[in-house]
Amino acid sequence: MPAVAVVVPAYNAAASLAETLDALEAQTMPREAFCVIVVDDGSTDATASLAAARGAAVISQANAGPAAARNAGAAAAPADCEILVFTDADCVPAPDFLTRLTAPLADPDIAGAQGAYRTRQRSLIARFAQIEFEDRYAYVARRPTIDLVATYAAAYRREAFVATGGFDTSFRRADNEDTELSYRLAAAGRRFVFEPDAVAFHRHPATLARYLRIKTRRAFWRLRACRDHPEKLVRDGYTPPVIRLQTILAGLAVLGAVLAPFVRGAGLAALAALAGLLASTLPFVRFAARRDPAVAAAAPALAALRALAFAAG
């Protein structure tokens, strides 16, 4: 297996980065087979010194966002590193993470691989977010290839990454810059696969307010990522079609409620849209019930709120 460079962008990440780096030091992949590069993206805390103390190569730059930070880390990777792995400073990779994530790239026709989130959190919202990811993974697993490699657990063939120009640095936040890159690579004929056993543990949003803010923001930036790939607005390899339906129904419900005082029948249309939205959550409720009955009970309301956040974004 070719040498691997692991790139971790970090901005004011001193509170979580140590756990990330310790997990990378504990990998089953031989330590001489990979290097770790932390890109300090203009932090004002001890991120850089903490990373250096744990033996990572550290690159410091003025704050420019995670896309620029990842590009800088990739550019600094040793010449013999043919595989670039990206994870985040709030992720804790499982011991076999690197071995499992890079294994699919032994096939020269595969340009990238996507791993999976897990969480150890116990809050209801974090558990809902985890099952939401698992629902998407179940959808992805039915496809022979995928068109999205998310950077919390991503491996790219370096040649493919460089050929497409890396991440779009106009994405200044950690939000859908990986989606946009994936769409470009897929459009160029590159193939990606899902590797569900390459696990990174993550801190999902633990409160409803933060969860909904994230969903609103992600919807906005997903539209930005689709600017040059409008066909992805209709269908992609990561988002179950029912989520798009729910977003439309949520928008119609809000529009009907706004027009109800002025347009006859608008209120009934709003109620019908809301009923359709809630009915559409039933497959997810069944999926969640096999994993976490408490999440299943809350799922219709939480999924409806998620759809409203997506519509707002």
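For the structure itself, consult the block above.
1. So, the overall build of the protein chain
Reasoning step 1: What the protein chain contains, in helices and strands, is 12 helices and 8 strands.
Reasoning step 2: Counting only C-alpha atoms, the protein chain reaches 70 × 40 × 40 Å along its principal axes.
Reasoning step 3: Taking contacts inside the protein chain between residues at least 6 apart in sequence as the whole, the part at least 24 apart equals 76%.
Reasoning step 4: When the accessible surface of the protein chain is totalled, it reaches about 13500 Å², and 61% of it is carbon and sulfur.
Reasoning step 5: Of the charged side chains in the protein chain, 35 are positive and 30 negative; the average position of the first set lies 9 Å away from that of the second.

2. Considering the packing of helix α9 (residues 241-259) against helix α10 (residues 266-280)
Reasoning step 1: Two elements in contact, α9 and α10, have axes separated by 7 Å at closest approach and are oriented at 155 degrees. Judged on the interaxial angle alone, α10 and α9 are roughly antiparallel. As α9 packs across α10, the resulting crossing turns out to be left-handed. Two secondary-structure elements touch here, α9 through V242, Q246, L249, A250, L252, A253, G256, A257 and L259 and α10 through A266, G267, A270, A273, L274, G276, L277 and S280.
Reasoning step 2: Residue composition of the contact of α9 with α10, by class: 12 nonpolar, 5 polar and no charged.

3. A closer look at the pairing of strand β1 (residues 3-10)
Reasoning step 1: Across the 8 residues of β1, 8 count as buried, placing the element largely inside the fold.
Reasoning step 2: Of the two faces of β1, the one carrying A3, A5, V7 and P9 and the one carrying V4, V6, V8 and A10 are both buried.

4. Re the packing of helix α5 (residues 124-141) against helix α11 (residues 282-289)
Reasoning step 1: Where α5 contacts α11, the two axes come as close as 10 Å, and the packing angle between them is 105 degrees. By the angle class used here, α5 and α11 are roughly perpendicular. Contacts between α5 and α11 involve F128, I131, E132, E134, D135 and A138 from the first element and F284, F287 and A288 from the second.
Reasoning step 2: The residue makeup of the contact of α5 with α11, split by class, is 6 nonpolar, no polar and 3 charged.

5. Some remarks on α10
Reasoning step 1: Its 15 residues give α10 an end-to-end C-alpha distance of 21 Å, which sits within 8% of 21 Å, the value for a rise of 1.5 Å per residue.
Reasoning step 2: Listed as buried for α10 are A266, A270, A273, L277 and S280. In a view along the axis of α10, the buried residues occupy a sector of 90 degrees, so they form one face of it. Exposed positions of α10 whose direction lies more than 90 degrees from the buried face are L268 and L271.

6. Some details on a nonpolar patch on the surface
Reasoning step 1: On the surface, L208, I248, L252, V254, L255, V258, L259, F262, V263, L305 and L308 cluster together into a nonpolar patch covering about 950 Å² of accessible area.
Reasoning step 2: Contributing elements (two or more residues each) for the nonpolar patch: α9 and α12 (293-312).
Reasoning step 3: Examining the composition of the nonpolar patch, we find that 6 residues originate from one element, α9, more than from any other.
Reasoning step 4: Along the chain, V258 falls in helix α9.

7. A word on the pattern of salt bridges
Reasoning step 1: In this structure the tally under the stated criterion is 19 salt bridges.
Reasoning step 2: A salt bridge links E19 to R203; its shortest N-O distance comes to 3.0 Å. Taken together, the residues span a long stretch of sequence, with E19 in helix α1 (residues 14-25) and R203 in the loop between β8 (191-202) and α8 (208-225) at a distance of 184 residues.
Reasoning step 3: Judged by its relative accessible area of 38%, E19 falls in the partly exposed class.
Reasoning step 4: The class for R203 is partly exposed, based on a relative accessible area of 38%.
Reasoning step 5: E132 is paired through a salt bridge with K215; the nearest N and O atoms lie 3.3 Å apart. Placement of E132 in helix α5 and of K215 in helix α8 is noted, with a sequence separation of 83 residues between them.
Reasoning step 6: Counted as one network, the salt bridges with shared partners bring together R70, D88 and E177.

8. Looking at the sheet that holds strand β4 (residues 81-86)
Reasoning step 1: With mixed pairing, the 8 strands of this open sheet are ordered in space as β3-β2-β1-β4-β7-β6-β8-β5. If you trace the sheet from one side to the other, it starts and ends with β3 (57-61) and β5 (91-93), each paired once. Going from strand to strand, the sheet's axes swing by 30 degrees on average, the running direction of each strand aside.
Reasoning step 2: Strand direction decides the pairing type here: β4 and strand β7 (residues 154-157), joined by 4 bridges, are antiparallel. The residue bridging F86 from the neighbouring strand is A154, located in β7.
Reasoning step 3: Lying on the sheet, helix α3 (residues 66-76) is in contact with β1, β2 (34-41), β3 and β4; it crosses β2 at an angle near 145 degrees.

Cut-off values and rules
Residues numbered from 1 in each chain as written. Predicted model: local features only at pLDDT ≥ 70, side-chain atom pairs only at ≥ 80, totals over all residues. Heavy atoms only, no water. Helix = DSSP H or I, 4+ residues; strand = E, 2+ residues; numbered from the N terminus. Contact = heavy atoms within 4.5 Å. Areas by Shrake-Rupley, 256 points an atom, 1.4 Å probe, with all protein chains shown as cover. Lys, Arg positive; Asp, Glu negative; His and termini not counted. Charge placed at Lys NZ, Arg CZ, Asp CG, Glu CD. Axes fitted to C-alpha atoms, helices over the stretch in contact; angles between N-to-C directions. Parallel < 35°, antiparallel > 145°, perpendicular 65-115°, else oblique. Left-handed = near helix turned anticlockwise from the far one by under 90°. Nonpolar A, V, L, I, M, F, W, Y, C, P; charged D, E, K, R; others polar. Buried < 20%, exposed > 50% of the residue type's maximum accessible area, 1.4 Å probe, protein only. Expected span 1.5 Å × (residues − 1). Arc of directions from axis to C-beta. Patch = residues over 30% accessible without salt bridge, like charges linked within 9 Å, V, L, I, M, F, W, Y side chains within 5 Å. Salt bridge = Lys/Arg side-chain N within 4 Å of Asp/Glu carboxyl O. Pairing = 2+ DSSP bridges.

So far we have only geometry, and geometry alone does not tell us how the molecule works.
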